[in-house]
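A structural walkthrough
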Amino acid sequence: MTKWFNLLWKTVFRICGLLLVVLFLLYFFLYVVVPHYYYSTARSDVSRKFEQLYQAIDEGTLEEAKAKIDLFESDENLDVGIVDQEGHVIYAVTSFSEEERLEDNPHWKLIKGETLEKAELQNTKFKGVRDLPKLVRFVTDLELEGKQYKLVFSWYTKSIHRVERLMTEIFP
């Protein structure tokens with residue numbers, strides 16, 4: 001009887017140990033791998049859209065660029081604008097509602113007539129998901145009608161931060 005009892009306890013401990021290992025691997029996968037995968041997929045999609053829009057409007061006219069930016073459709077949290085060399089936003093279109101615009105900070109958007117600081121007219125530097133700011137900017141020089149402008153993409157990374165926060169709430 002004690003032989004069977006000892007065998008039963010060894011089996012229970014082995015099963016519990018295997019379950020803990022599986023739960024740890026699941027936790028690792030969901031907490032570490034999923035946000036990185038989500039981020040890299042979203043970033044490559046945003047980069048692709050940025051490059052396509054840039055190719056479509058570079059070396060054209062300002063009116064053509066405005067029309068193509070107006071037709072730009074995005075399911076991402078993107079804001080697109082044309083900025084002159086002094087930092088004045090001369091044209092901007094957003095995919096956000098007014099509520100979303102004011103939700104966190106009213107100054108992070110590209111708004112026609114506003115002036116961006118020199119630091120805001122540079123590509124955002126970051127290493128990965130953990131230090132990802134709420135706003136990532138892609139900026140490139142653009143020539144329209146012989147004048148130099150900057151094409152600015154503002155990508156609001158709110159959804160990636162939501163995924164990460166959700167993971168920390170599910171798995172404390």
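Reading guide: rules and limits
Residues numbered from 1 in each chain as written. Predicted model: local features only at pLDDT ≥ 70, side-chain atom pairs only at ≥ 80, totals over all residues. Heavy atoms only, no water. Helix = DSSP H or I, 4+ residues; strand = E, 2+ residues; numbered from the N terminus. Buried < 20%, exposed > 50% of the residue type's maximum accessible area, 1.4 Å probe, protein only. Pairing = 2+ DSSP bridges. Expected span 1.5 Å × (residues − 1). Bend = angle between axes of the 7 residues up to and from the residue. pLDDT = per-residue confidence, 0-100. Phe/Tyr/Trp six-rings, centres within 6.5 Å; stacked < 30°, edge-to-face > 60°. Patch = residues over 30% accessible without salt bridge, like charges linked within 9 Å, V, L, I, M, F, W, Y side chains within 5 Å. Areas by Shrake-Rupley, 256 points an atom, 1.4 Å probe, with all protein chains shown as cover. Salt bridge = Lys/Arg side-chain N within 4 Å of Asp/Glu carboxyl O.

Time to look at the environment of Lys134. For Lys134, the position within the fold is in the loop between helix H3 (98–103) and strand E3 (135–144). Residue Lys134 is classed as partly exposed on the basis of its relative accessible area, which comes to 48%. Between the C-alpha atom of Lys134 and that of Lys158, which follows or precedes it by 24 residues, the distance is 6.0 Å.

A few words now on the pairing of strand E1 (residues 78–84). When you tally the buried positions in E1, you get seven out of seven residues, the bulk of the element. The two faces of E1 match: Leu78, Val80, Ile82 and Asp84 on one face and Asp79, Gly81 and Val83 on the other face are all buried. Relative to strand E4 (residues 147–156), E1 is paired through seven bridges, and the arrangement is antiparallel. Residue Leu78 lies in a different strand from E4, and its bridge partner there is Trp155.

Take helix H1 (residues 2–57) next. In an α-helix, one full turn covers 3.6 residues, which means residues spaced three or four apart are oriented alike. Over its 56 residues, H1 extends 81 Å from the first C-alpha to the last, a length consistent with the 82 Å expected when each residue adds 1.5 Å. Roughly 35° is the biggest bend found in H1, and it falls at Val33, with proline Pro35 one to four residues downstream. Buried within H1 are the following residues: Pro35, Tyr39, Ala42, Asp45, Val46, Lys49, Phe50, Leu53, Tyr54 and Ile57. Just downstream of H1 lies Glu59, where phi reads positive at about 65°.

Another aspect to go through is the confidence of the model for the protein chain. Residues of the protein chain with pLDDT of at least 70 account for 80%, and the chain-wide mean is 78. Within the protein chain, E4 carries the highest mean pLDDT (87), whereas H3 carries the lowest (54).

Here the focus is the packing of aromatic side chains. Overall, the coordinates contain four aromatic pairs when judged by the stated rule. A ring pair is formed by Trp9 and Phe13, whose centres lie 5.8 Å apart and whose planes are at 35°; its orientation type is tilted. Taken together, the residues span about one helical turn, with Trp9 and Phe13 both in helix H1 at a distance of four residues. Assessed through its relative accessible area of 58%, Phe13 is described here as exposed. Among the aromatic side chains, those forming a connected cluster through ring pairs are Phe50, Phe138, Phe153 and Trp155.

This paragraph deals with a nonpolar patch on the surface. Together, Val21, Phe24, Leu25, Phe28, Phe29 and Val33 make up a nonpolar patch on the protein surface, roughly 580 Å² of accessible area in all. By the element assignment, Phe28 lies in helix H1.

Another point: the pattern of salt bridges. Applying the stated criterion across every chain yields a total of four salt bridges. We note a salt bridge from Asp45 to Arg48, for which the minimum N-O separation is 2.1 Å. Here the residue Asp45 and the residue Arg48 both occupy positions in helix H1, the gap between them amounting to three residues, near one helical turn.

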